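Letter by letter, the chains look like this.
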Amino acid sequence: RRSIRINCGKNMIDFTLTSDQELIQQTAREFAREHLAPGVIERDDKAEFPNEQIKLLGELGFMGMMVPEEWDGSGFDTVTYVIAMEEIAAVELATSTVMSVNNSLVCQLFVDYGTEKQKEKYLRSLASGTKLGAYSLSEPQSGSDASNMRTFAQKDGDHYVINGTKNWVTNGINSDIVTLFCLTEKGAGYKGITAFVVEKGTPGLSVGKKEDKLGIRASDTCELYFENCRIPVENRIGEEGQGFKIAMKALGGGRIGIAAQALGLARAALDASITYAKERKQFGKTIGEFGAIQNILANMATEIDAARFLIWRAAKLKDEGKNYIRESSMAKLFASSTAMKAATDCVQIHGGYGYMQEYGVERLMRDAKITQIYEGTSEIQQLVIARDLLQ
Ligand code: CAA
C-alpha cells in the first residue's frame, strides 16, 4: 500500500489508502474499462446520454457516495469520492460529469440543508441512483456573477410561483429532480436568493433543447424555463435569503470533484502519450527516445502528481470539517489547467493521428476545456483564492 504524507499547514496529512479506498479504486477502474471504454467514442460522436452506465453506477453506490447509509447512500468520505471520480473521468469525462453533479451538487445539498421530509422524498432515490438530479444556478446574464440572477419566486399562500430562465443546466434533460436558486426578494443582492427543489413534470417547468457542445457531448446540458411554475412551500431548501450561501457551499465541495475529473483526464492523456511514445518510430527510433518528447512527458507526470496532492488535501480538509474553500479552488484551478495542457500535449505527441477522431485523444482536448469553465471558471477560482489570501 502506498503511504503518502504531505504537509498541510500545521498538519501532516497521511494519504495511505484504506483497504476500502483501494477496493473502490479497483471497482471504479474495472467499471470504467468494462462499461465505459467500449462505447466512449460513439457516445461522444452521437451526443448520446450514458443511460445504462449511470444506472449501473447507481447500483454500485457511486451516485450518492458521500450520503450517509441511513439515507441510502454509500457513506464514504470525500477522499474516497475523488479516488472513484479520477477513475471514471480517466475513461469518460461526460459520465463523470453526470456523476459529479448528482453526488456533490445535488445529494450533498440535501445532506447539508434538506429537511427530514425532503431527504425522505428526494435524497433516498438520488443517493441510490434510481433518480437523477440537476443543479440550476446560472442564467443567460449571470454566469460567474452568480448572484445577479432574475428568476423570481413569488410567495402565494403556501406556494411559490416561479418565473424565469436557467441555462447551462447539466443533467437538465435526463434528471428527475432539479435544485433551483431564485430571487425571493428583488434588490436585496445575494441576500434575496432562496434555494428550492422542483420535480420534473411540474406544470410550468419546460425543458429546452439539448445543447450541442464542444466536449462532454454525451452528458446533457439545456435551458430550463419556468412559467408560473407553482411549487409548495415545503419545496424550499433552507430559509428565504439563505440560497446563495447554500449554492456556494455546494460549489465549494463540487469543485474538488471537478478537480478530480480533470486529474483523471490528465492521467488518461499521460497514459496514451507514454504508450504512443514507446510505439511510434520516426528517424529510426521511438519518439520516446527524443528529449523533446521526454520533457513533455516529465512535466505532464509532475503536474499530475501535484494536482493529485492538491485534490487529496482539499478532500481531506473537507472530511475533517476544516475550512477547505481556498484549497478546493486551488485544486480546481491547478488540476483543470493541468488537464488542458496534458490533453493538448497528448494530441501534439500523437501528431496527425492525434487530430483524428478514431484515436480518441482529440476528445480529451475537447473535454478538458470544460473543467476550466464549469463550477466556476479559472478566473473565479483565482478570485476566491486571492480574496482568502488578502482578507
Ligand atoms: N461558502 C459559503 N459562503 C460563501 C462562499 C462559500 N464558498 N462564498 C461566498 N460565500 C458567502 C460570503 O461569505 C458572503 O456572505 P457574508 O456577506 O455573510 O460574508 C456571501 O456569500 C456573498 O459572497 P461574495 O460577496 O463573495 O459574493 P460575490 O457576488 O462577490 O460572488 C463568487 C462570489 C465567488 C464570485 C461567486 O459568485 C461564484 O462562485 N461565482 C461562480 C459561480 C459558479 O461557480 N457557477 C457555476 C455554475 S454551476 C455549474 O457549473 C454546475 C454544473 O452544471 C456542472
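Our subject in this report is the structure included herewith. (Residues numbered from 1 in each chain as written. Predicted model: local features only at pLDDT ≥ 70, side-chain atom pairs only at ≥ 80, totals over all residues. Heavy atoms only, no water.)

**Some thoughts on the side chain of asparagine 235**
What counts is decided by this rule: Strands here are runs of E lasting at least two residues and helices are runs of H or I lasting at least four, both read from the DSSP assignment and numbered beginning at the N terminus. Every residue pair with non-hydrogen atoms within 4.5 Å of one another is taken to be in contact.
Turning to its location among the elements, asparagine 235 is positioned in the loop between β9 (221-232) and β10 (236-237). In contact with asparagine 235, other than residues within four places in its own chain, are Gln118, Tyr122, Ala195, Phe196 and Val197.

**Considerations on the pattern of salt bridges**
Side chains that carry opposite charge are capable of pairing whenever their charged atoms lie near each other. To keep things clear, this is the line we draw: Put simply, a salt bridge is a Lys or Arg side-chain nitrogen that is within 4 Å of an Asp or Glu carboxyl oxygen. Each residue gets one of three labels from its accessible area relative to the maximum for its type: buried under 20%, exposed over 50%, partly exposed in between, using a 1.4 Å probe on protein chains only.
Here the structure, examined in full by the defined rule, presents 24 salt bridges. Of the charged contacts in the structure, one is a salt bridge between lysine 121 and glutamate 199, with a shortest N-O distance of 3.3 Å. Of this pair, lysine 121 sits in helix α6 (residues 116-128) while glutamate 199 sits in strand β7 (residues 193-199), and the two are 78 residues apart along the sequence. What makes lysine 121 partly exposed here is its relative accessible area of 46%. For glutamate 199, a relative accessible area of 30% translates into the label partly exposed. It is possible to trace a salt-bridge network through shared partners that takes in Arg29, Glu86, Glu87, Arg267, Asp305 and Arg308.

**Points about the pairing of strand β3 (residues 133-136)**
Using the following cut-off: Two strands form a pair only when DSSP identifies at least two bridges running between them.
What you see with β3 is no split at all: Gly133 and Tyr135 on one side and Ala134 and Ser136 on the other are buried throughout. Direction of pairing for β3 relative to strand β6 (residues 177-183): parallel, over a ladder of four bridges. Following the sheet pairing, alanine 134 is matched in β6 by valine 178.

**Considerations on the layout of surface pockets**
Let me state the cut-off plainly: Using protein atoms alone on a 1 Å grid, points that fit a 1.4 Å probe yet trap it form a cavity, whereas open point sets bounded by protein on both sides within 12 Å along at least five of seven lines form a pocket; residues with an atom within 4 Å of a point count as lining. Grid points are joined across faces, edges and corners, and a volume is the space filled by probe spheres set on the points. Residues are grouped as follows: Ala, Val, Leu, Ile, Met, Phe, Trp, Tyr, Cys and Pro are nonpolar; Asp, Glu, Lys and Arg are charged; all remaining types, including Gly, are polar.
When its volume is computed, the largest pocket comes out at roughly 1100 Å³. As for the largest pocket, its lining consists of 41 residues, and the residues nearest its centre are Leu137, Leu251, Arg255, Glu375 and Gly376. For the lining of the largest pocket, the secondary structure elements donating two or more residues are α5 (93-113), β3, β5 (159-170), α7 (243-279), α9 (325-354) and α11 (378-390). At seven residues, α7 tops the list of elements feeding residues into the lining of the largest pocket. Its residues placed into classes, the lining of the largest pocket shows 19 nonpolar, 15 polar and seven charged.

**Quick look at the site of the ligand**
The test is simple: The nearness test applies per residue and asks whether one of its heavy atoms lies within 4 Å of the molecule or strand. Any N or O atom pair separated by 3.5 Å or less is treated as a polar contact, with the protein-specific requirement of one donor-capable and one acceptor-capable atom, and with residues adjacent in sequence counted only for side-chain atom pairs. With residues, only the protein chains shown are counted as cover, and all accessible areas are computed by Shrake-Rupley using a 1.4 Å probe. Molecule-in-pocket calls rest on the fraction of atoms, with more than half required to lie within 2 Å of the cavity or pocket grid points.
If you check the shell around the ligand, you find 25 residues, and the closest are Ser144, Thr170, Tyr190, Lys245 and Arg387. At 2.6 Å from an oxygen atom of the ligand is found a side-chain nitrogen or oxygen belonging to arginine 387. Burial of the ligand by the protein chains amounts to 73% of its free accessible area of 1100 Å². Because more than half of its atoms lie within 2 Å of the grid, the ligand is assigned to the largest pocket. With six residues, the single largest contributor to the shell around the ligand is α7. Considering only residue class, the shell around the ligand consists of 14 nonpolar, six polar and five charged.

**Some details on α11**
Let me state the cut-off plainly: Helix span, expected: 1.5 Å multiplied by one less than the number of residues in the helix. Each direction from the helix axis to a C-beta atom contributes to the arc, which is the arc of those directions.
The first and last C-alpha atoms of α11 sit 18 Å apart over 13 residues, in line with the 18 Å expected at 1.5 Å per residue. Among the residues of α11, those classed as buried are Ser378, Ile380, Gln381, Val384 and Ile385. Viewed end-on, α11 has its buried residues packed into an arc of 165°, placing them on one side of the element. When the buried face of α11 is taken as reference, the exposed residues oriented beyond 90 degrees from it are Glu379, Arg387 and Leu390.

**Some words on the packing of aromatic side chains**
Selection criterion: Ring geometry is summarised as follows: Phe, Tyr and Trp rings, the Trp one being its six-membered ring, pair when their centres sit within 6.5 Å, and such pairs are stacked at plane angles under 30 degrees, edge-to-face over 60 and tilted between the two. Counted as over-ring charges are cases with an Arg CZ or a Lys NZ within 6 Å of the ring centre that also lie within 35 degrees of the ring normal.
For the coordinates displayed, the defined rule picks out six aromatic pairs. Ring plane angle 55° and centroid distance 5.0 Å describe the contact between tyrosine 353 and tyrosine 359, whose orientation is recorded as tilted. With relative accessibility at 37%, the residue tyrosine 353 sits in the partly exposed group. The aromatic ring of phenylalanine 290 is capped on one face by lysine 285, whose charged end is 4.9 Å from the ring centroid.

**Section: empty space enclosed by the protein**
Scanning all chains against the criterion turns up one cavity of 30 Å³ or more. Surrounding the largest cavity, Val40, Asp44, Glu92, Ala94, Ile216, Arg217, Ala218, Arg363 and Asp367 form its lining. Contributions of two or more residues to the lining of the largest cavity are made by α2 (40-46) and α10 (361-368). The class makeup of the residues in the lining of the largest cavity is four nonpolar, no polar and five charged.

**What to know about unusual backbone geometry**
Positive phi outside glycine occurs at asparagine 171, with the angle close to 70°. The residue glutamate 375 is not glycine, and still its phi comes out positive at about 55°. The topology assignment puts glutamate 375 in the loop between α10 and α11.

**Quick look at the nonpolar core**
Keep this limit in mind: In this description, a nonpolar core means a group of buried Ala, Val, Leu, Ile, Met, Phe, Trp, Tyr and Cys residues linked to one another through side-chain atoms lying within 4.5 Å.
Ranked by size, the top nonpolar core spans 70 residues in total, and within it Leu57, Phe62, Val82, Ile88, Met99, Ile311 and Leu364 carry the most contacts. Counting residues per element, the ones that place at least two in this core are α1 (19-36), α3 (51-59), α4 (78-91), α5, α7, α8 (291-319), α9 and α10. Counting residues per element, this core draws most heavily on α7, at 13 residues. Leave out the neighbours within four places in its chain, and isoleucine 88 touches Ala28, Phe31, Leu36, Leu57, Phe62, Thr95, Ser96 and Met99. Counting residues in each nonpolar core, the second largest holds 29 residues, with Ala127, Ala195, Ala250 and Leu251 among its members.

**Concerning the environment of alanine 342**
Among the structural elements, alanine 342 can be located in helix α9. Sequence separation between alanine 342 and glycine 189 is 153 residues; the distance between their C-alpha atoms is 40 Å. Setting aside residues no more than four positions away along its own chain, alanine 342 makes contact with Ala266, Ala269 and Met300.

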